[in-house]
Protein chains: 2
Amino acid sequence: MAFQRETEALGQVSGRLGWDQETMMPRGAAEQRSEEMAAMETVLHARRTDPRVGEWLAAIDGAALDAAGQAQLRLIRRSYERAVKVPARLSVELARVTSRSQGIWAQARADGDFAAFAPTLAEVVSLKREEGAALAAEGDVYDAMLQDYEPGATADQLDAMFGALRPRLVALREAVLAQEKPAALTGEFDDAVQMKLTRKIAETFGYDMTRGRVDKAVHPFSSGSGQDVRITTRTNPADPFNCIYSTIHEVGHGSYEQNIDAAYLLTPLGNGVSMGVHESQSRIYENQLGRSHAFTSFLFGEMKQAFGEMNLADAEAFYRAVNRVDGGFIRTESDEVQYNLHILLRYDLERALIGRSLEVADLEAAWNERFEKDFGYAVDKPSNGVLQDVHWSLGLFGYFPTYTLGNVYAGCLHEALRADVPDLDARLAEGDTSPATTWLREKLQVFGGLREPRATIEHATGAAPSEEPLLAYLEAKFGDIYGL
Amino acid sequence: MAFQRETEALGQVSGRLGWDQETMMPRGAAEQRSEEMAAMETVLHARRTDPRVGEWLAAIDGAALDAAGQAQLRLIRRSYERAVKVPARLSVELARVTSRSQGIWAQARADGDFAAFAPTLAEVVSLKREEGAALAAEGDVYDAMLQDYEPGATADQLDAMFGALRPRLVALREAVLAQEKPAALTGEFDDAVQMKLTRKIAETFGYDMTRGRVDKAVHPFSSGSGQDVRITTRTNPADPFNCIYSTIHEVGHGSYEQNIDAAYLLTPLGNGVSMGVHESQSRIYENQLGRSHAFTSFLFGEMKQAFGEMNLADAEAFYRAVNRVDGGFIRTESDEVQYNLHILLRYDLERALIGRSLEVADLEAAWNERFEKDFGYAVDKPSNGVLQDVHWSLGLFGYFPTYTLGNVYAGCLHEALRADVPDLDARLAEGDTSPATTWLREKLQVFGGLREPRATIEHATGAAPSEEPLLAYLEAKFGDIYGL
């Protein structure tokens, strides 16, 4: 219906405003912008809970629809039912508290003072528990929260999957860090040259610049769907890999949005189906493809052309530098081996918070204890520990596990891709990603929101998702690099 | 009321989307963007005609409000009454036809074929006549249209003003063009250096970069109010004056918006009061200040520093080159002497079209006849004549005269400014525009929509607007340059 299409279009406008805020907005415009964003949110919320949508949902005969129509109906119904379940008072209160708490979190992080953030976080947790209870009705509160990011996922499923990951990742991490570290890339890399190269690499991975653009922002992100999908990256003169791999990651997200069937434009099917499936795309582009032996040999040549000789003598040394595993505390700076351990920690803590078996007052101690258990050394300061991520300050509970779910899905897709495309490495070594990106587009991206997240992966791989391919891939790759 | 404030904020969002379209949007996103813009328009139209606004207007006691409150009430009432007067069917039809006609106009201009555009323009004119009749009730249709751009203006007033301008402008033009032309600026001027210089000049004129930004676009424009006011300019390697004076012009528009009292932010008073008053700001910045003898002597130094030596030996030759009057056909490339003759022509023709004393079929002939009468030579092709401007294809009837009204207002403001600030030229020659921009801010810009347009000028100058100061200024300035 036209009303729904307009709502989707307004959602795109709101997203574009978010992009603008991080890339183009003059710094003195923050206050006005927050009113503009709030006004858009008011309009969108009113439309999502508009009684006409309820009447339309009550009147429509789902059985008469084709598969795409039924999928749209499912998504519209889910969004409507979610929106009307939460009392308006609670939504307003959550918006108010989370918009304030982000600033308090940022200040507490800068001051290294968890106690300064704890009362605000406790307020957020309390409101989210209340919201979760409203959404869950009789069911599990955390499961209800997961639906906002990964429809169909359950904590039981995640527990089983993450439980299998954790011991093998801890073991792999210990084995890798016991070995001698490969040389890192060093030197000074001009920002403008990095941006030029990164745009070229974005196109190498199939990102369509006629329907997108690449700008700089403090945090890399992808924004928008359909014909206008923009990504950002960042530059650090000492670390060009940050720029390039942030770009490839965001190109995974952006390509997913760009490659959805054009017939789904501005319908509920015209967006990536879930956070987990989205992350599977960004991670397979970034890691299984971008950090592969084959592709890094191509990238080595591109880097030499852009920057001249580096301290890394050959493609082999370059590959090992790209995949260097080091200690550290920060999730976003983490490598493939350790990344999911960061997520598993957060998942267990946030489940406990929502399930009331942990309170905010005890969160920092719980974080530090768990970190030392899995990583083998102690957190040195709160900004390297419990204060490092913005998510909880924004009330994003149920979001973290989708990162690891995405990595697991990427492992499954990678296994199926290799089986279908035997000459993948030969092509990647020439800088030709098209066998991989075409496979992903045709098997997964084009369908957008047509199937539920898990069914989307199953359709692409022909099998139920499992953590085994990811573990096998990581153990083989890093076993090889580190001679385990 | 909060509802009104949200509507203003949504209007700002819509404006930002327009800016994005001209500066940042990927070229493949046009179709989706037009749906996004249409969705915003639907939301805005629904809010402008929302019965709650009507009820609020009926219930409110205007007498109990302060001056700002009464002004807001006046503007909200005007907007509401305008919106509900036009039948929804007609608004939709106008939106449909004008969105299509812009493309047809652009093609016809490229092909030099007015006949290809005429049927579509006739449709637009017919719909605008109908809309004008709905707005005018018993009054004059063209007067009703003027209210969209210049509330309070009447065709009778404009006739008197323009009637006094025309003979003296024609005479001045003839006298100037009979003289030997001063040397023009020649050479190649690097685009990036032009942009760097133009941003510096923008700040010289008081444009606040913390609440704005300067980008390139095909057509220069200013966009947004309050804390987020963005301007665009363009570069041509052969003509740096185009970049610099486009920027100064837009800085006039942008500074007006930036300098409105912060208390009026996101209220109906928080925007420039009319097109004519807006244009008075852009034109006084661009011409009376930017093209003055004093300021060009400063600019000459800046240009030499940016580009090295030029073909113009000294500040005197530079001043004459900046103010060079040449023949030509195109309004937007016109100088101070001829510009208003282009407008007067359009004003008379569009009044005749709306008043049914001229039909579209005869428009091209009428244009060509009038042009030869005022300019002394014949139009050589339609793209240099009746097809040169986009306005009519968009249904903007009543817009053109505000350009000349703005120039007239700029003349009045300039006269009053000179009387109040005796050392203006000495300061401009040092690149210090602050006596002028402070005067304009305090006398006019800060008030936003508080007073009606004409009263806004009267408050600033202490006198009723008249064309005499503009004419006296032009005759003196160009008489001096051309030794008349």
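These figures come from a predicted structure and were not determined experimentally.

So, the overall build of chain A
Move 1: A tally of regular secondary structure across chain A gives 20 helices and three strands.
Move 2: Taking 484 residues into account, the globule formula puts the C-alpha radius of gyration at 23 Å, and chain A, at 22 Å, falls close to it.
Move 3: Along the first, second and third principal axes, the C-alpha set of chain A runs to 65 × 50 × 50 Å.
Move 4: Buried residues in chain A amount to 55% of all 484 residues.
Move 5: With an accessible surface of roughly 18800 Å², chain A has 51% of that area assigned to carbon and sulfur atoms.
Move 6: If you average the places of the 49 positive and of the 72 negative side-chain charges in chain A, the two averages end up 2 Å apart.

Observations concerning the domain arrangement of chain A
All names here are of chain A.
Move 1: Annotation of chain A at the domain level lists domain 1 (2-146) and domain 2 (151-484).
Move 2: Look at where the C-alpha atoms of domain 1 and domain 2 centre, and you get two points 25 Å apart.
Move 3: The interface of domain 1 with domain 2 comprises 41 residues on the first partner and 52 residues on the second.
Move 4: Regarding the contact of domain 1 and domain 2, the summed buried area is about 4100 Å², with carbon and sulfur atoms giving 64% of it.
Move 5: Broken down residue by residue, the surface that domain 1 buries against domain 2 is led by Phe114, Arg129 and Tyr142, which jointly contribute 19%.

A look at the interface of chain A and chain B
Move 1: In this assembly, 40 residues from chain A lie in contact with 40 residues from chain B.
Move 2: For the interface between chain A and chain B, the tally reads eight salt bridges.
Move 3: Close ionic contact of Arg5(B) with Glu35(A) constitutes a salt bridge, the shortest N to O distance being 2.8 Å.
Move 4: Counting every contact that joins chain A to chain B gives 18 residue pairs in polar contact (both at pLDDT 80 or more).
Move 5: Listing elements by their share of the side of chain A that touches chain B, those giving two or more residues are helix 1 (2-23) and helix 2 (30-48) of chain A.
Move 6: For the side of chain A that touches chain B, the residue count by class is 16 nonpolar, 10 polar and 14 charged.

A short note on the relation of the copies chain A and chain B
Move 1: When chain A is fitted onto chain B, the two copies agree to an RMSD of 0.0 Å after a turn of 180 degrees and an axial shift of 0.1 Å. Such a combination of rotation and displacement between the chain copies is what one expects of a two-fold axis.
Move 2: Take the interface residues of chain A: 100% of them recur as interface residues in chain B, which is what a same-surface contact looks like.

As for the sheet that holds strand 3 (residues 230-233) of chain B
All names here are of chain B.
Move 1: The three strands lie next to each other as 1-3-2, forming an open sheet whose pairing is mixed. For this open sheet the edge positions go to strand 1 (214-216) and strand 2 (222-223), each flanked by a neighbour on one side alone.
Move 2: The pairing of strand 2 with strand 3 spans two bridges and is classified as antiparallel. Paired with Ser222 across the strands is Ile231, a residue of strand 3.
Move 3: Packed on one face of the sheet, helix 10 (residues 240-259) meets strand 2 and strand 3 and runs near 160 degrees to strand 3.

Here we look at the pairing of strand 3 of chain B
The side chains of a regular strand alternate between the sheet's two faces.
Residue and element names in this part refer to chain B.
Move 1: Neither face of strand 3 is open: one carries Arg230 and Thr232, the other Ile231 and Thr233, and all of them are buried.
Move 2: Where strand 1 and strand 3 come together, three bridges link them in parallel fashion. Bridged to Val214 within strand 3 is Ile231.

Concerning the environment of Gly301(A)
Move 1: Mapped onto the secondary structure, Gly301(A) falls in helix 12 (residues 293-307).
Move 2: Considering only alpha carbons, one finds Gly301(A) and Asp314(A), 13 residues apart in sequence, at a separation of 9.5 Å.

A word on helix 5 (residues 88-111) of chain B
All names here are of chain B.
Move 1: Taking 1.5 Å of rise per residue, 24 residues should cover 34 Å, and helix 5 covers 35 Å from first to last C-alpha, within 8% of that figure.
Move 2: If you look at helix 5, its biggest bend is around 25 degrees, right at Ser101.
Move 3: On its buried side, helix 5 packs onto helix 6 (114-136).
Move 4: Gly112 sits one or two residues past helix 5 and shows a positive phi near 60 degrees.

So, the UniProt feature "binding site: Zn(2+)" (unreviewed entry) in chain A
All names here are of chain A.
Move 1: According to UniProt, the feature "binding site: Zn(2+)" (unreviewed entry) maps to His249, His253 and Glu279 in the numbering used here. The named residues occupy 31 residues along the chain; their greatest pairwise C-alpha distance, 8.7 Å, places them in one compact cluster.
Move 2: Topologically, His249 is positioned in helix 10 (residues 240-259).
Move 3: When its relative accessible area of 12% is taken as the criterion, His249 is described as buried.
Move 4: With near-sequence residues (within four places) excluded, His249 lies in contact with Glu279, Ser282, Arg283 and Glu286.
Move 5: Topologically, Glu279 is positioned in helix 11 (residues 275-289).
Move 6: For Glu279, a relative accessible area of 6% translates into the label buried.
Move 7: Excluding its chain neighbours within four sequence positions, the residues that come into contact with Glu279 are His249, His253, Thr402, Tyr403 and Gly406.

Examining the UniProt feature "active site" (unreviewed entry) in chain A
Residue and element names in this part refer to chain A.
Move 1: UniProt annotation of "active site" (unreviewed entry) refers to Glu250 when read in the numbering used here.
Move 2: For Glu250, the position within the fold is in helix 10.
Move 3: By relative accessible area, Glu250 is classed as buried at 7%.
Move 4: Every residue in contact with Glu250, bar those within four places of it in the chain, is listed here: Pro220, Phe221, Ser222, Ile231 and Thr232.

What about the packing of helix 9 (residues 191-204) of chain B against helix 10 of chain B?
Residue and element names in this part refer to chain B.
Move 1: At a minimum axis distance of 9 Å, the contact between helix 9 and helix 10 shows a crossing angle of 30 degrees. Here helix 10 runs roughly parallel to helix 9, going by the angle between their axes. In this structure, helix 9 meets helix 10 at a crossing whose hand is right-handed. Packed against helix 9, whose contacting residues are Gln194, Met195, Leu197, Thr198, Ile201 and Ala202, the element helix 10 presents Pro240, Cys243, Ile244, Thr247, Ile248 and Val251 at the interface.
Move 2: By residue class, the composition of the contact of helix 9 with helix 10 is nine nonpolar, three polar and no charged.

Some thoughts on the side chain of Gln338(A)
Residue and element names in this part refer to chain A.
Move 1: Checked against the element boundaries, Gln338 lands in helix 14 (residues 336-354).
Move 2: Looking at Gln338, its side chain comes within polar contact range of the side chain of Asp335, at 2.7 Å.
Move 3: When neighbours within four sequence positions are excluded, Gln338 is seen to be in contact with Arg173, Leu177, Val325, Asp326 and Phe375.

Details of the packing of aromatic side chains
Move 1: Applying the stated criterion to the full structure yields 42 aromatic pairs over all chains.
Move 2: Aromatic side chains Tyr339(A) and Tyr403(A) sit 6.3 Å apart centroid to centroid with 85 degrees between the ring planes, which places their arrangement in the edge-to-face category. Pair noted here: Tyr339(A) is in helix 14 and Tyr403(A) is in helix 16 (residues 400-420), with a separation of 64 residues, a long-range link.
Move 3: A residue is classified by how much of its surface remains accessible, and Tyr339(A), at 5% relative accessible area, is buried.
Move 4: Note on Trp367(B) and Trp392(B): the rings are 6.2 Å apart at their centroids and 85 degrees apart in plane angle, and the pair reads as edge-to-face.

What to know about the pattern of salt bridges
Move 1: Tallied over the entire structure, the rule returns 84 salt bridges over all chains.
Move 2: A salt bridge links Arg283(A) to Glu286(A); the shortest N-O distance between them is 3.2 Å. Note that Arg283(A) and Glu286(A) are positioned in helix 11 at a spacing of three residues, about one turn of the helix. Here the two residues Arg283(A) and Glu286(A) agree in accessibility, since each one is buried.
Move 3: With a closest N to O distance of 3.0 Å, Arg168(B) and Glu468(B) form a salt bridge.

The rules we used
Residues numbered from 1 in each chain as written. Chains lettered and ligands numbered in written order. Predicted model: local features only at pLDDT ≥ 70, side-chain atom pairs only at ≥ 80, totals over all residues. Heavy atoms only, no water. Helix = DSSP H or I, 4+ residues; strand = E, 2+ residues; numbered from the N terminus. Rg over C-alpha atoms; globule rule 2.2 N^0.38 Å. Buried < 20%, exposed > 50% of the residue type's maximum accessible area, 1.4 Å probe, protein only. Areas by Shrake-Rupley, 256 points an atom, 1.4 Å probe, with all protein chains shown as cover. Lys, Arg positive; Asp, Glu negative; His and termini not counted. Charge placed at Lys NZ, Arg CZ, Asp CG, Glu CD. Domains from an automatic or database assignment. Contact = heavy atoms within 4.5 Å. Buried area = accessible area lost by both parts, 1.4 Å probe. Salt bridge = Lys/Arg side-chain N within 4 Å of Asp/Glu carboxyl O. Polar contact = N/O pair within 3.5 Å; in protein donor to acceptor, adjacent residues only side chain to side chain. Nonpolar A, V, L, I, M, F, W, Y, C, P; charged D, E, K, R; others polar. Least-squares fit on C-alpha atoms with pLDDT ≥ 70 in both. Pairing = 2+ DSSP bridges. Axes fitted to C-alpha atoms, helices over the stretch in contact; angles between N-to-C directions. Expected span 1.5 Å × (residues − 1). Bend = angle between axes of the 7 residues up to and from the residue. UniProt positions renumbered as here; feature names shortened; annotations may be inferred. Parallel < 35°, antiparallel > 145°, perpendicular 65-115°, else oblique. Left-handed = near helix turned anticlockwise from the far one by under 90°. Phe/Tyr/Trp six-rings, centres within 6.5 Å; stacked < 30°, edge-to-face > 60°.

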